[in-house]
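Reading the structure
Chain by chain, the residues run as shown.
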Amino acid sequence: MGKIVLRLDRMMVERKISLNELAEQVGISNVNLSKIKNNKVTAVRFSTLAAICEALDCSAGDILEYQKED
């Protein structure tokens, strides 16, 4: 089975936004956003994903990627 990989780090670089700025805009802690950014989570609430997309002016598909298993 494949897996979903978060590409939040790439989108943050493209949008030139820091972890602190994004965490403040989304309304979550720096620690939790850092875990999302570094793929250290097994789940993300849709409301958090929507807030991230709103702050970065992107769609969920811009930060979520499916990778097939080798």
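Everything here concerns the structure above.
Residues numbered from 1 in each chain as written. Predicted model: local features only at pLDDT ≥ 70, side-chain atom pairs only at ≥ 80, totals over all residues. Heavy atoms only, no water.

1. Quick notes on the pattern of salt bridges
Side-chain pairing between opposite charges can occur once the charged atoms of the two side chains come close. This model, assessed by the stated rule, comprises two salt bridges. Here Glu-65 makes a salt bridge to Arg-7, at a shortest N to O gap of 3.3 Å. In this pair, Glu-65 is assigned in strand S2 (residues 64-67) and Arg-7 in the loop between strand S1 (3-6) and helix H1 (8-15), connecting sequence segments 58 residues apart. Glu-65 is the salt-bridge partner of Arg-10, the closest N and O atoms lying 4.0 Å from each other. Within this pair, whereas Arg-10 is found in helix H1, its partner Glu-65 is found in strand S2, the two being separated by 55 residues in sequence. Using a relative accessible area of 40% as the deciding quantity, one classes Arg-10 as partly exposed. One network of salt bridges, in which partners are shared, links Arg-7, Arg-10 and Glu-65. (Salt bridge = Lys/Arg side-chain N within 4 Å of Asp/Glu carboxyl O. Helix = DSSP H or I, 4+ residues; strand = E, 2+ residues; numbered from the N terminus. Buried < 20%, exposed > 50% of the residue type's maximum accessible area, 1.4 Å probe, protein only.)

2. Notes on the side chain of Thr-48
Within the fold, Thr-48 resides in helix H4 (residues 46-56). In this structure, Thr-48 is in contact with Val-26, Ile-28 and Ile-36, ignoring residues within four places of it in sequence. (Contact = heavy atoms within 4.5 Å.)

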